[in-house]
Amino acid sequence: MTVSPSPAKPVRASRQGSRGGRALQKGQQTKQAIVDAALGLAAQIGLEGLSIGALAEVTQMSKSGVFAHFGSREELQISVIREYYARFADEVFSPAMDEARGLPRVRALFSNWMKRVAVEIQSGCIFISGAVEFDDRPGPVRDALASSVKVWLAAMYRAVVQAKEMGHLKQDADEEQMAFEIHGLILASHYEARFLENPVSVTRANQGFENILARYGKTVAAGSAPSPKSNPRSKE
């Protein structure tokens, strides 16, 4: 008589796999909770102020528990930078990609960024504070910061280039200079709002942006966008 194999072992393996999956999910949730707390702490005291000990105190975890998720203070700082950039991209970059290429997208990028500035007047910007802390300190943390900022600046520059290709800007418009000036407005608004406590810094920045468009843009581009002079490409 053939004896059918017992189902006990497959069931037990399935249960073990389920427990392992739940443990992994819980570990990921715990790590995300630590990163969230670290992000809030970094906004107050800067990336340099982050430490395993300080974070353990804030999260009411043991130092060994926090250390197990990151392994080093440097890895913790880099994780915070990545999380900050992910949120920045979700709030600033991604929504702007839904706008038409050209000045509408440039406007959306700047407008979204200024909305974030208005919030960060109180909380601070890790990109800016981190630049002050790590500008002359080579290493992985500085590299992570610089890489994140460069990705954003490249997105703005690409949007400006596309605006010129679409015929929204003057033929002699300097795309690099225009993107540089827009970035300068953001930095100035942060400095004036947080350090000098200038209540009209955001308003000044918005006016500065309109001045930039007046210098580089065509008259018709201020209202409805003109027909593109280069071959139109799909939205990207």
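Up top is the structure these notes are about.
Residues numbered from 1 in each chain as written. Predicted model: local features only at pLDDT ≥ 70, side-chain atom pairs only at ≥ 80, totals over all residues. Heavy atoms only, no water.

Trainee: Which residues make up the packing of helix H6 (residues 126–134) against helix H7 (residues 140–165), and what values go with them?
Mentor: Where H6 contacts H7, the axes come no closer than 10 Å and their chain directions differ by 140°. Here H6 lies oblique to H7, going by the angle between them. In this structure, H6 crosses over H7, and the sense of that crossing is left-handed. Counting all contacts with H6, which are made through Ile126, Phe127, Gly130, Ala131 and Phe134, the residues of H7 involved are Val141, Arg142, Leu145, Ser148 and Val149. The residue makeup of the contact of H6 with H7, split by class, is 7 nonpolar, 2 polar and 1 charged. (Axes fitted to C-alpha atoms, helices over the stretch in contact; angles between N-to-C directions. Helix = DSSP H or I, 4+ residues; strand = E, 2+ residues; numbered from the N terminus. Parallel < 35°, antiparallel > 145°, perpendicular 65-115°, else oblique. Left-handed = near helix turned anticlockwise from the far one by under 90°. Contact = heavy atoms within 4.5 Å. Nonpolar A, V, L, I, M, F, W, Y, C, P; charged D, E, K, R; others polar.)

Trainee: Help me get a handle on the packing of aromatic side chains, residues and values and all.
Mentor: For the structure shown, the criterion picks out 7 aromatic pairs. Look at Phe110 and Phe209: their rings are 4.2 Å apart centre to centre, the planes differ by 5°, and that puts the pair in the stacked class. One end of the pair, Phe110, is in helix H5 (residues 103–123); the other, Phe209, is in helix H9 (residues 201–216), and 99 residues separate them in sequence. Take Phe110: its relative accessible area is 2%, and that puts it in the buried class. Seen from their ring centres, Tyr191 and Phe195 are 5.2 Å apart, and the 55° between their planes marks the pair as tilted. Of the two residues, Tyr191 and Phe195 are both situated in helix H8 (residues 175–195); the distance of 4 residues between them amounts to about one turn of the helix. When its relative accessible area of 58% is taken as the criterion, Phe195 is described as exposed. An aromatic cluster of three or more residues is present, and its members are Tyr84, Phe88, Trp113, Phe127 and Trp152. Lying across the ring of Tyr84, Arg116 places its NZ or CZ 4.7 Å from the centre. (Phe/Tyr/Trp six-rings, centres within 6.5 Å; stacked < 30°, edge-to-face > 60°. Buried < 20%, exposed > 50% of the residue type's maximum accessible area, 1.4 Å probe, protein only. Lys NZ or Arg CZ within 6 Å of the ring centre and 35° of its normal.)

Trainee: Can you break down the pattern of salt bridges residue by residue, with the values?
Mentor: For the structure on display, the rule yields 10 salt bridges. The closest approach of N and O atoms between Arg137 and Glu48, which form a salt bridge, is 2.8 Å. Of the two residues, Arg137 sits in the loop between H6 and H7 while Glu48 sits in the loop between helix H1 (8–45) and helix H2 (52–59), which places them 89 residues apart along the sequence. With a relative accessible area of 30%, Glu48 lands in the partly exposed category. Between Arg116 and Glu120 there is a salt bridge; the shortest N-O distance is 3.0 Å. One end of the pair, Arg116, and the other, Glu120, are both in helix H5, 4 residues apart, so they sit about a helical turn from each other. Taken together, the shared-partner salt bridges connect Asp36, Glu83 and Arg87 into one network. (Salt bridge = Lys/Arg side-chain N within 4 Å of Asp/Glu carboxyl O.)

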